[in-house]
Amino acid sequence: DLQQKRISRISVNNSEGTHYLLLDEVSCICSEGGNYTYLHFGSSEKKILISKNIGEFEYLSDVSDFFRIHQSYFVNLKYVRHLGKSEDGDVVVLKNGETLPLSRRKKDEFKERMAKFH
């Protein structure tokens, strides 16, 4: 059983230059439609816009504590407060109060990942 190498940092480029980010500080990655993605930080309002498709972050599910909860959202499991309900279905609530949709397709896998998460 080969343990995949975990990563703790990523680098992303935008108009301001290259950002070297600690994954522990990124709470979620949100698609801004098409080729733009926002990286949100912890409990602050800070976010970085980069010109990359959210799909380019797919590898994070295997090498970090990120999980894709919806076609438009990856969350850092460290920032998940609880799984809630809304009129539109299940939602993932982050520690900063942000509420993100959880796709029906991903619900069981999400619960499984959270159960194993320490």
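So, how was this worked out
Residues numbered from 1 in each chain as written. Predicted model: local features only at pLDDT ≥ 70, side-chain atom pairs only at ≥ 80, totals over all residues. Heavy atoms only, no water. Helix = DSSP H or I, 4+ residues; strand = E, 2+ residues; numbered from the N terminus. Rg over C-alpha atoms; globule rule 2.2 N^0.38 Å. Buried < 20%, exposed > 50% of the residue type's maximum accessible area, 1.4 Å probe, protein only. Contact = heavy atoms within 4.5 Å. Pairing = 2+ DSSP bridges. Axes fitted to C-alpha atoms, helices over the stretch in contact; angles between N-to-C directions. Phe/Tyr/Trp six-rings, centres within 6.5 Å; stacked < 30°, edge-to-face > 60°. Lys NZ or Arg CZ within 6 Å of the ring centre and 35° of its normal.

A closer look at the overall build of the chain
Broken down by element type, the chain carries 2 helices and 10 strands. By the compact-globule yardstick of 13 Å for 118 residues, the chain fits well, its C-alpha radius of gyration being 14 Å. Counting only C-alpha atoms and orienting by the principal axes, one finds that the chain spans roughly 40 × 40 × 25 Å. When the 118 residues of the chain are sorted by exposure, 41% land in the buried category. By sequence separation, contacts in the chain at least 24 residues apart represent 39% of the contacts at least 6 residues apart.

Comments concerning the sheet that holds strand S7 (residues 73-76)
Strands sit in the order S5-S4-S3-S7-S6 across an open sheet of 5 strands; the sheet is antiparallel. Among the strands making up the open sheet, the edge pair consists of strand S5 (47-50) and strand S6 (66-70). Averaged over all pairs of adjacent strands, the angle between strand axes in this sheet comes to 20°, irrespective of strand direction.

Brief notes about the sheet that holds strand S8 (residues 80-86)
Ordered by their spatial adjacency, 3 strands build an open sheet running S8-S9-S10, and the pairing between neighbours is antiparallel. Single-partner strands in this sheet number two, and they are S8 and strand S10 (99-101). Here the average twist between neighbouring strands, direction ignored, is 35°. Where strand S9 (residues 89-94) and S10 come together, 3 bridges link them in antiparallel fashion. Looking at S10, one finds that Val93 is bridged to Thr99. Relative to S8, helix H2 (residues 107-116) is tilted by about 155°, and along the sheet it contacts S8 and S9.

Comments concerning the pairing of strand S3 (residues 26-31)
Among the 6 residues in S3, 5 count as buried, and that is most of the element. Relative to strand S4 (residues 37-41), S3 is paired through 5 bridges, and the arrangement is antiparallel. Its bridge partner being in S4, Ser31 is matched across the sheet by Thr37. Between the end of S3 and the start of S4, which pair antiparallel, lie 5 residues, with Gly33 showing a positive phi angle near 75°.

Some remarks on the packing of aromatic side chains
Inspection of every chain in the model, using the stated rule, returns 1 aromatic pair. Aromatic pair Phe67 and Phe110: ring centres 5.9 Å apart, planes at 45°, arrangement tilted. Note that Phe67 is positioned in strand S6 and Phe110 in helix H2, a separation of 43 residues in sequence. No difference in accessibility class separates Phe67 from Phe110, as the two residues are buried. Here the basic side chain of Lys46 rests over the ring of Phe41, its NZ or CZ set 4.8 Å away from the ring centre. Positioned over the ring face of Phe57 is Lys52, at 5.7 Å from the centre of the ring.

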